[in-house]
Amino acid sequence: MAEKKKKTVKTIKVDVDKCNGCRACEMICSAFHANPRYSSNNPARARIRVIRHPLKDIYVPVYAGENARAECLGRDKYIIEGKEYDECAFCRSACPSRDAFKEPDSGLPLKCDMCESDPTLKEPLCVQWCITDALTYEEREEEGEEEPRPEDIEVGLEALVEKFGWEKIQDTINRLMQSKKGE
Amino acid sequence: MRYAETGYNLEIDLSTGNIERVETDPRDTELYLGGLGTNAKILWERVPPETQPFSPENLLIFGAGLLCGTPAIGCNRTILTSLSPQTELMAFSMMGGFWAPELKFAGYDKVILRGKSPDLVYLWIHNDQVEIRDASHLRGKGAVETQELIRQELKEPNAQVAAIGLAGENRVFFASIEQGRSSASRQGLGAVMGDKGVKAIAVRGTKDIHVARPAEFMELMHEVMEYIKFREANPIPGVIPILARLGSPQEMAVHDEKWHTENFMWGNARVRRRDFWNEEIARAWKETMESMQNRLISCYNCPLKCGATITPPGHSTYMMKCFSKLTYTMAAFSDLAFGLTIAQRATEYGVDGYSTPQVMAFALELYEAGILTDQDMPGLPEGNEDRFYWLLDRIVRREGIGDILADGTYWAAKRIGKGAEAFAHNTIKKHEQLPLKLGMLNPIYYLMYCTGEKINITQIEGQFPQAPFPTREEREAFVKDWFQVPHERFKQYFLDWEPRGEKSMPFYPTVEMCCDIVDWMEKMHYIDDAMGVCSGLSSFHLKPPYHIHNYPKIISAGAGFDMDEEKLSLAAKRYRTLVRANNIRRGMRRKDEVPPEDHWKKRFPELEKQLLDAYYQMKGWNLDGIPTTRTLRELGLDYVAEDFLARGILEE
């Protein structure tokens, strides 16, 4: 059995009904992550975006999550209470299909870090600046499987061996180890 | 390195199609700050007084406030400057929303339009890429509709678009420029945009705006935010709801309209209905608002929710602004459902919500009086509300009588003749005013109405209570935490001010005190208009988060030059005087500085003369309202002094 470990999950609760669309969250996010801190403002660098469509009454603050190197094969639309949300409206990924969550200069992906800093903030700044309470912060303890079970790895590896053969797998592992040495 | 501003203006010649990115002089920023201040300087330098509003030489300047694009809370205003077709004076209409910060992020402080495009076009500003694009397919489209069509066409959902509707295209003198949940409505700048052949300006920017001393700037913004929260949690007691809180949330969020409906005039600014509001109306109007309103909304980086998206049944959605909620309703003696529904059409057409209903009510009054007849109005419907729609449709197309009415009540009355002038009774400097008619002269408001060059009372009043509090205890409680005053003496003015007796209106506050109070109120508005800060968090309000004591620090930490209260007051006086200089050069004089004759029933001509004399003197203007050479030179406006002397406007 894997070891059960306790971890803290940081959660920003987004109440789309309370959002007034002011984009203060974008402002404070980009200013906080500027170097030196607060030296510049540019919503295009923010790790939160308010997907706004006032005439359709759509306001969705979305946080930058993992970078996706390829776009999805299919695109979905959600209809909630009669409002049609565009494809990708709720997606947190920087991906080739859109310009959200990419550094405007370099194109490198952005990711929300919950304003990690020293000293630690009591809550992320977007939450502090959202006085309409569309964004609220919550921490909770969760039990997670921290250590993967050895037999799970074996099952995966055996499948790869069967497909590619021992030699190719060994070569690949060696090559990966070489290239990642510096990290 | 430039801080707060980008240091570049975008110059677009619509006649030739030439587009230039021009670096600006940082010394001008220190002297005139930005927004309105630098707009006024450009207009002075480049638009000679012979220029007509609809001549290609007239400029239309979209100026972002100095602090727009920085983290300054509620700082999002675009200050538009041009010559107004209606007043024929320098106009500075303004809009909030999201456009000004986006322009800054694209790398520009202002867009300056000159010339005229031969065909209808729109501008697409995307960082360094600027295009003049064909807009023939957008001709006749609604102002709200156009914003959406352009975003779709450009595949740029984040573009901010300022657009005109049919009224602007047809050069209606009170046409607006609509943008998101805001608009530049006053003084007809939509008509100037239409005259230049520009349907819209779309902007998208992804560049940085820097502040000079980040830690200090953010600390000041935290103080502003904390004070906003404090004010939201602690409405000011003893004043009407509109003044108790910041912003103008009462328009959309508060249903009790007893104060507006019983104190403002109905029809063509004629009828006061003192017992109008009752439970039945309160219930019906609340139901109307709740059935049509989707959500309360904000402008860029502002926590207040002054606007709302409104969907009247069977019509498309629009964003309602401030007091337009009631202007159509009251002009037509109708109800809120009518007001919110016709405002949808009016917003798409792109017209000013203050002037338009009055122009229509004026036309119907003339019809009732037999001055306009069935020959002038063939096909005028029977129903009262239908008549408003009928007139609106004709005004924005300049069809038939609509062509005359489209010039506003002042010019329309002149053209109609037959005594119509008496019906155009609610203008200052040829521009329609809020429908207010009151009892006894208010000396503070008298000065503001006379000398306000934005020509809208809400854009100059604020800071000082509109009326005395009944008891000394209440007044003492009010002044206790009134730290926004520029000087302790303002507290004393207020403490001693009584509703009745020796120290009451119109002789108290005294002439000198009135001048002092008006000067302070005006100064704060002018500072906001250079910074791009909304007066809803500042000059319009009692005890606002932005004030004369924190502004110098905010400007200095943001823009990076030295600033203190004295230097800021001097800068505000400099460009305020330059605004006046623009108008003096266009012929404005004391004779033009008069409130509507019927604004107050009881007038005091002797006192009014004393007030205006003293105010002019305090401002450093002569008795005709012209800034003296001495004043001009003290302010570093020597070039204005030389011009006035050369033109014979002043003598040494």
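Residues numbered from 1 in each chain as written. Chains lettered and ligands numbered in written order. Predicted model: local features only at pLDDT ≥ 70, side-chain atom pairs only at ≥ 80, totals over all residues.

So, on to the overall build of chain A. Along chain A, the regular secondary structure elements total 4 helices and 7 strands. Going from the N terminus to the C terminus, chain A shows its helices and strands as β-α-β-β-β-β-β-α-β-α-α. Compactness check: chain A gives a C-alpha radius of gyration of 21 Å against a globular reference of 16 Å for 183 residues, more than 25% above the reference. Overall size of chain A, expressed as C-alpha extent along the three principal axes, is 60 × 40 × 40 Å. Here chain A holds 183 residues, and 29% of them are scored as buried. If you take every contact in chain A between residues at least 6 apart in sequence, the share linking residues at least 24 apart comes to 62%. (Helix = DSSP H or I, 4+ residues; strand = E, 2+ residues; numbered from the N terminus. Rg over C-alpha atoms; globule rule 2.2 N^0.38 Å. Buried ≥ 20, exposed ≤ 12 C-beta atoms within 10 Å, placed from the backbone. Contact = placed C-beta atoms within 7 Å.)

Right, let's talk about the interface of chain A and chain B for a bit. Counting residues at the interface gives 22 residues for chain A, matched by 31 residues for chain B. At the level of secondary structure, the elements contributing two or more residues to the side of chain A that touches chain B comprise helix H1 (24–32) and strand E2 (40–41) of chain A. Here the side of chain A that touches chain B takes 4 residues from H1 of chain A, the largest share from any one element. Taken together, the residues that form the side of chain A that touches chain B break down as 12 nonpolar, 7 polar and 3 charged. Examined bridge by bridge, E2 of chain A and strand E13 (residues 209–210) of chain B share 2 bridges and lie antiparallel to one another. Residue pairing in the sheet places serine 40 of chain A in a bridge with histidine 210 of chain B of E13 of chain B. (Nonpolar A, V, L, I, M, F, W, Y, C, P; charged D, E, K, R; others polar. Pairing = 2+ DSSP bridges.)

In this section: the domain arrangement of chain A. The domain architecture assigned to chain A consists of domain 1 (11–142) and domain 2 (150–179). On a C-alpha basis, the centroid separation for the pair domain 1 of chain A and domain 2 of chain A is 38 Å. (Domains from an automatic or database assignment.)

Bringing the pairing of strand E15 (residues 307–310) of chain B into the picture now. Residues and elements named next belong to chain B. Here E15 shows two buried faces, one formed by Gly307 and Thr309 and the other by Ala308 and Ile310. Here E15 pairs with strand E16 (residues 318–320) via 3 bridges, running antiparallel. Within the sheet, the bridge partner assigned to alanine 308 lies in E16 and is methionine 320.

All names here are of chain B. Spatially, the 3 strands line up as an open sheet ordered E14-E15-E16, and their pairing is antiparallel. The open sheet has two edge strands, strand E14 (293–297) and E16, and neither has a second partner. Neighbour to neighbour, the strand axes of the sheet diverge by 30 degrees on average, direction disregarded. With 4 bridges joining them, E14 and E15 adopt antiparallel strand pairing. (Axes fitted to C-alpha atoms, helices over the stretch in contact; angles between N-to-C directions.)

Below, the discussion takes up the sheet that holds strand E3 (residues 60–64) of chain B. Sheet strands associate in pairs through backbone hydrogen bonding, adopting either a parallel or an antiparallel arrangement. All names here are of chain B. With mixed pairing, the 6 strands of this open sheet are ordered in space as E2-E1-E6-E3-E4-E5. Each end of this open sheet is capped by a strand with a single partner; those strands are strand E2 (18–23) and strand E5 (90–95). Taken pair by pair, the neighbouring strands of this sheet meet at an average axis angle of 15 degrees, ignoring direction. One ladder, built from 4 bridges, connects E3 with strand E4 (residues 78–83); its direction is antiparallel.

All names here are of chain B. The first and last C-alpha atoms of helix H15 (residues 384–397) sit 21 Å apart over 14 residues, in line with the 20 Å expected at 1.5 Å per residue. In this structure, the buried side of H15 is in contact with helix H5 (166–169), helix H13 (336–349), helix H14 (355–368) and helix H16 (401–405). Arginine 398 lies just past H15 and shows a positive phi near 55 degrees. (Expected span 1.5 Å × (residues − 1).)

Before going further, it helps to examine the domain arrangement of chain B. Residue and element names in this part refer to chain B. Assigned domains of chain B: these are domain 1 (8–204), domain 2 (250–303 + 306–424) and domain 3 (438–621). Inter-centroid distance (C-alpha atoms) of domain 1 to domain 2 is 26 Å. Counting residues at the interface gives 32 residues for domain 1 and 25 residues for domain 2. Among the secondary structure elements, those contributing two or more residues to the side of domain 1 that touches domain 2 are helix H4 (143–154), H5 and strand E11 (182–184). Looking at the side of domain 1 that touches domain 2 residue by residue, the classes come out as 13 nonpolar, 15 polar and 4 charged.

This part covers unusual backbone geometry. Between asparagine 35 of chain A and the following residue, proline 36 of chain A, the backbone shows a cis peptide bond with an omega angle of -5 degrees. As for its position among the elements, proline 36 of chain A is in the loop between H1 and E2. The peptide bond linking methionine 505 of chain B to proline 506 of chain B adopts the cis configuration, its omega dihedral lying at 5 degrees. Structurally, proline 506 of chain B is set in the loop between helix H20 (489–496) and helix H21 (511–531). Of note in this structure, lysine 418 of chain B is not a glycine but carries a positive phi near 50 degrees. Within the secondary structure layout, lysine 418 of chain B lies in the loop between helix H17 (408–416) and strand E17 (427–428).

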